[in-house]
Amino acid sequence: MDKQKNAFLLVYGCQMNQSDAERMAGELASIGYARTDDMAAADLILINTCCVRESAEDRVYGKIGEIKHVKERNPRLIFGITGCMAQKEGDALIARAPHIDFVLGTSKVHELKNVVREIEKERGHIVDTNLTETELPDGGPVAREGKLSAWIPIMYGCNNFCTYCIVPYVRGRERSRQPEDIVREVEEAVASGYKEVTLLGQNVNSYGKDHKCADFADLLKMVDEVPGIERVRFMTSHPKDLSDKLIETIANGTHICEHIHLPVQYGSDKILSAMHRVYTVDSYRALVARIRKAIPNVALTTDLIVGFPGETDEDFAQMLAFLKEIRYDSAYTFIYSKRSGTPAARMDGQVPDEVKHERLEKLMAVQNEISKEINDRLLGTTQEVMVEGPSKNDTTMWSGRTRTNKLVLFPHGAEQPGDFVHVKITHPQTWVLKGERV
Ligand code: SAH
Ligand code: SF4
Ligand code: F3S
């Protein structure tokens, strides 16, 4: 019998990349590779990469360098690069680092098994970054990382071409899976014990615009009705096409969680227009008002970019004012990173690094204060929490989340991961709510 082989997967980037990696792990398991956490024990190392910002790429180049030494000690090791940076760089990765055996693009997840087998037999380099947009990379086995919460991709690619963003170039055009395939995957996840699913897409609101079999609101309702499902999450929502029908569906849902990640990116019309976001501060404000009216306890989170070309102190002041007006529960804040090939990279008025950093600091300070104030209001309230597991920093505490996706910590009792419990919030903080079970 073949000796047990081990695969070490390193995953960067967004949830879509994590979800892809679970599908890659599934493919690898089908040819005898068990997933290991020990890089030194691996027969195969895979890096599923991200290139959304330069910093993400730098981290990957650092790792590629590190793995050169691992491969010197173990020349039989197979080393592959997948994901968005593989799509973007292709051959250039092997030219720069010949210890890489293969480079596989974002639409080639289901080819991984064949590529690895070929290299096992023949060695040599394989590069396949042909972006096929007709086939959907699903239907294959999935080796999920979590036991309670499952990522379910509902669509691939993006059509929006925000001027700063590389994603549409490396992920191709929008392609939606068939609703019945998605529902089947959710049913299978529930049957194997998953309590929560997160429906994933770069812009879930445009789900189904291609096949027209169902729109996102229809899909969400179908998933909400799967027997046994406890929580339904979804991301990301683009503000330009979040319909009233969808808002109603979330408001009337049973298991659909009251959390919308609704990236605004910026708070001034001049910059939003230069970013090609296709909404204005006013239309976004009106959307938020409709959402909050229909779903009063909703949590809103966002992504923000500082230092976009042409950003002035005046624009930035508008952005801070907008944040204070909308009051997000939390925000991911990014410094604009120039991505060659995107329109913004060629725009005038690139902002100097020190200014970008200063603005980021200010933005984070304002947002942190808001997050803390919002969480402070939960003091003394009782929240429904799904127990996920021991807290990373303090194993005497359980960690879990509210339906609004807030992290909650409370002392261990008799409960187990997957249980739904009620926790009274006693110590709200900026990033976490601490409490006691009631
Ligand atoms: N499809 C999602 C997210 C895609 S990438 C959406 O549209 O919301 C995640 C986040 O990375 C984006 O929301 C944006 O805030 C940020 N981002 C994308 N390109 C960037 C760039 N060139 N520099 C800095 N941040 C960027
Ligand atoms: Fe990038 Fe915009 Fe598409 Fe999001 S919607 S992935 S930010 S191009
Ligand atoms: Fe990164 Fe690709 Fe996601 S560039 S953010 S891993 S879609």
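Residues numbered from 1 in each chain as written. Chains lettered and ligands numbered in written order. Predicted model: local features only at pLDDT ≥ 70, side-chain atom pairs only at ≥ 80, totals over all residues. Heavy atoms only, no water.

Things to note about the domain arrangement of the chain
Once the domains are mapped, the chain shows domain 1 (5-128), domain 2 (146-253), domain 3 (258-376) and domain 4 (382-437). Here the C-alpha centroids of domain 1 and domain 2 sit 27 Å apart. Interface of domain 1 and domain 2: buried area, both sides summed, is about 1,300 Å²; carbon and sulfur atoms make up 60% of it. Among the residues of domain 1 in contact with domain 2, Gln15, Met16 and Arg23 are the three that bury the most area, contributing 43% of the side total. For the pair domain 1 and domain 2, the number of links is two salt bridges. (Domains from an automatic or database assignment. Buried area = accessible area lost by both parts, 1.4 Å probe. Salt bridge = Lys/Arg side-chain N within 4 Å of Asp/Glu carboxyl O.)

Describing the nonpolar core
Judged by nonpolar contacts, the single largest core of 70 residues is most densely connected at Leu199, Phe216, Ile260 and Ile291. Here the element with the most residues in this core is helix α12 (residues 313-326); it accounts for six residues. Two domains each put at least three residues into this core: domain 2 (146-253) and domain 3 (258-376). Setting aside residues up to four positions removed in sequence, Ile260 forms contacts with Phe234, Ser237, Leu242, Ile250, Ile291, Ile295, Val298, Ala299, Leu300 and Thr301. Among the nonpolar cores identified, the runner-up in size contains 27 residues, and Ile47, Ala86, Ala97 and Val170 belong to it. (Core = buried A, V, L, I, M, F, W, Y, C linked by side-chain atoms within 4.5 Å. Buried < 20%, exposed > 50% of the residue type's maximum accessible area, 1.4 Å probe, protein only. Helix = DSSP H or I, 4+ residues; strand = E, 2+ residues; numbered from the N terminus. Contact = heavy atoms within 4.5 Å.)

Section: the sheet that holds strand β17 (residues 407-411)
Here we have five strands rolled up into a closed barrel, ordered β15-β16-β17-β19-β18, and mixed in their pairing. Within the sheet, the average angular offset between the axes of one strand and its neighbour, ignoring direction, is 55°. (Pairing = 2+ DSSP bridges. Axes fitted to C-alpha atoms, helices over the stretch in contact; angles between N-to-C directions.)

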